[in-house]
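Observations on chain architecture
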Amino acid sequence: MKYKAVRGMRDLLPEDTGLWALVEGVIKNNLQRFGYREIRIPLLETTELFARSVGTDTDLVGKEMYSFNDHSDESLTLRPEGTAGCARAAIERNLLQQPVRLWYQGPMFRYERPQKGRYRQFEQIGVEAFGWHGPDIDVEILEMGWRIWQALGLTDKVKLELNTLGSADVRKRYRDSLTAYFSEHLATLDEHSKRRLKTNPLRILDSKAPAIKELCEQAPRLIDALDDPSASHFAVIGDELDALGIPFEVNPRLVRGLDYYSHTVFEWTTDALGAQNAICSGGRYDSLVELLGGRPTPAIGLAFGIDRVVLLAADHVDNIATANAAQQIDFYVLPLTDAEHTAAIQLAANLRIAMSNAHILCHAGSGKVKVRMKAADRSGAGHALLLGADEVANGIVTLKFLRDDSAQEQVPIANIADRLSMIWHQSKTG
Ligand code: HAM
C-alpha cells in the first residue's frame, strides 16, 4: 500500500466512534451540568506562547512540539495542550472581567514515542476556571471528575493522586534545598538529571530511572516545607473531598511536566493501561495569565485524555453495547428493482419525519434482489421494508423480520409508520 497514516496518528473507524461519542457525551454533559461553557480555540498558536507558558526546559517544549515556519516566516506550533491557548484567548477576548468557567475539546499533538495509550495526535477534553482564588473551585473541579467516572462506571478503575506545589516563594525555597540535596549525590545522577539540577531540580523528582527514584525517596519533601496559606488551602481540599466521599491519595512526589503549575496538582491514574497510567490531570496555574500579559488572575483546570478513557471504558461491555446501539440501523427500505427507487426514497423520507429517533437506511445501488437482500442483512437492521411492483401498485409495504422467524406482514402504506413505531418502542424497552 502506498500511503500510510503518519506514525502515532490513528484513524478511528465507525466501529470505534460509537464508544468515543458515548464517552465524550458523558463528559460534556457533566461539564455543562456544572456550569462550564464551551470555547473553541485554534489548533495553531505561535511557538512563543507554548515556550512561555509550558516552559522551555520541559520535555513538551524542548522535544515534543510540532513546530514550523509559515510563509511569513512566523514560527507556529500545533498545540501540544489546551491551557496556553485557552488563557491566551481569555485574555485577548476580554473574558476575565469576572470569573469564568470554560471547556474545550480537540486534538493535541506531541512528538512522543507511540505506544498503547500514547499517540502523537490525541484527544483531550479540557476545563479551565479563571478568577477564583479559594480551594472551593479546586474541589468543584475534582468533584466533577469523580462524577464523570461515576457516570462512566469507572470509579473502581481510577485513583485520584493529589499534591500541592505551594506558592512561588515556597517553591523557590524548596528548589534551593533540593539543589543542595542532589548536589551531595551528584555521583548517582545521570546526565539528564544533572542538567535538570541546573535548570529545574523539581523535574528530577519525575525521573523514572530506578537509582534516581530511590534517591528521590530520601529527598526533602515540598509538602513539609509549605507556608501556612498553602497548607490550609490544601487541607480544605482534603476535608471537602472527604465530606463528599471522594477517595484520594496524597502523593508528595507528583510534580507534573508543565512549568505553569502552582499549589494544587493532581492526576487520575489507573492500573489498567500499563505505562500510560494518567487518564486525566491538571492543577492550579495562578501566575500564567499575568505571565502572558493579562491582569493577575488565579486559575485551575484539568484535561481528560480521551484516547485513554476510551481504552478503559472499552473493557465495560455495557458501555460498548450502549455505544453500538446508538449507531444501530433500525429499518432498511428496500426497492426490489430500480423501478421502485422513487417510491423507496419517498417512504424513507416520510418515515424519518414520522419517527424522528429511528435510524432508517434506504438501499443505494442497483443489482438483483438477492444482492439487495444481502445488503439489508449486512446493514444490521432488524427489519426490511420491501417495495416491489405489486407493493407499489397496491399501496402496501412488505415488512420482513431479518433477525427472527416471524412471518412477514403486508402493511398498508398509511399504517406503516404506526406499525414500525410499535416495533421500535418494543425493541427499545426490551
Ligand atoms: P497533561 O497531563 O500533559 O496536562 O495531559 C492531560 C492528559 O492528556 C493526560 O492525563 C493524558 O491522559 C493525556 N495525554 C497526554 N499525552 C498524551 C499522549 N501522547 N497520548 C494520549 N494521551 C495523552 C495538560 O495537557 C494540561 N493542559 C492539563 C490542564 C488543564 N492543566 C490545567 N488545565
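Relevant structure appears above.
Everything numeric here is computed off the predicted structure, so don't read it as measured data.

Here we come to the packing of aromatic side chains. Here the structure, examined in full by the defined rule, presents eight aromatic pairs. Ring geometry for Phe130 versus Tyr285: centroids 6.1 Å apart, planes at 85°, classification edge-to-face. A residue pair is termed long-range when its members are at least 10 positions apart, and Phe130 in strand S6 (residues 121-130) and Tyr285 in the loop between strand S10 (278-284) and helix H10 (288-291) qualify at 155 residues. Look at Trp146 and Trp268: their rings are 6.3 Å apart centre to centre, the planes differ by 20°, and that puts the pair in the stacked class. In this pair, Trp146 sits in helix H5 (residues 135-152) while Trp268 sits in strand S9 (residues 262-270), placing the two residues 122 residues apart along the sequence. By the burial criterion, Trp146 is buried, and Trp268 matches it. Within the aromatic cluster, the residues linked to one another by ring pairs are Phe130, Tyr260, Tyr261 and Tyr285. Its end group placed over the ring of Tyr119, Arg10 keeps NZ or CZ at 3.8 Å from the ring centre. Positioned above the aromatic ring of Tyr111 is the side chain of Arg120, whose terminal nitrogen or guanidinium carbon lies 3.8 Å from the ring centre.

What follows covers helix H16 (residues 413-429). For an α-helix, 3.6 residues make a turn, and residues three or four places apart therefore share a direction. Its 17 residues place the ends of H16 25 Å apart at the C-alpha level, agreeing with the 24 Å of an ideal helix rising 1.5 Å per residue. For H16, the set of buried residues is Ile416, Leu420, Ile423 and Trp424. Down the axis, H16 shows its buried residues gathered within 100° of arc, on one side only. Turned more than 90 degrees away from the buried face of H16, the exposed residues are Ala414, Asp418 and Thr429.

This paragraph deals with the site of the ligand. Taken together, 26 residues sit near the ligand, with Glu81, Glu112, Glu128, Tyr261 and Ser281 positioned nearest. Between the ligand and Glu81, the relevant distance is 2.7 Å, taken from a nitrogen atom to a side-chain nitrogen or oxygen of the residue. Contact between the ligand and Leu302: a nitrogen atom at 3.3 Å from a main-chain N or O atom of the residue. Here the ligand, which alone exposes 660 Å², has 96% of that area covered by the protein. Elements represented by at least two residues in the shell around the ligand include exactly S6, S10 and strand S11 (299-305). Among the elements that line the shell around the ligand, the one with the most residues is S10, at six residues.

Attention now moves to helix H4 (residues 83-92). Summarising burial for H4: seven of the 10 residues are buried, a large majority. If you check which residues of H4 are buried, you get Thr83, Ala84, Gly85, Cys86, Ala87, Ala89 and Ala90. Looking at the buried side of H4, the elements it contacts are strand S2 (44-46), helix H2 (47-54), strand S5 (100-109), S6 and H10. Directly after H4, the chain includes Asn94, whose backbone phi takes a positive value near 60°.

So, how was this worked out
- Residues numbered from 1 in each chain as written.
- Predicted model: local features only at pLDDT ≥ 70, side-chain atom pairs only at ≥ 80, totals over all residues.
- Heavy atoms only, no water.
- Phe/Tyr/Trp six-rings, centres within 6.5 Å; stacked < 30°, edge-to-face > 60°.
- Helix = DSSP H or I, 4+ residues; strand = E, 2+ residues; numbered from the N terminus.
- Buried < 20%, exposed > 50% of the residue type's maximum accessible area, 1.4 Å probe, protein only.
- Lys NZ or Arg CZ within 6 Å of the ring centre and 35° of its normal.
- Expected span 1.5 Å × (residues − 1).
- Arc of directions from axis to C-beta.
- Near = heavy atom within 4 Å.
- Polar contact = N/O pair within 3.5 Å; in protein donor to acceptor, adjacent residues only side chain to side chain.
- Areas by Shrake-Rupley, 256 points an atom, 1.4 Å probe, with all protein chains shown as cover.
- Contact = heavy atoms within 4.5 Å.

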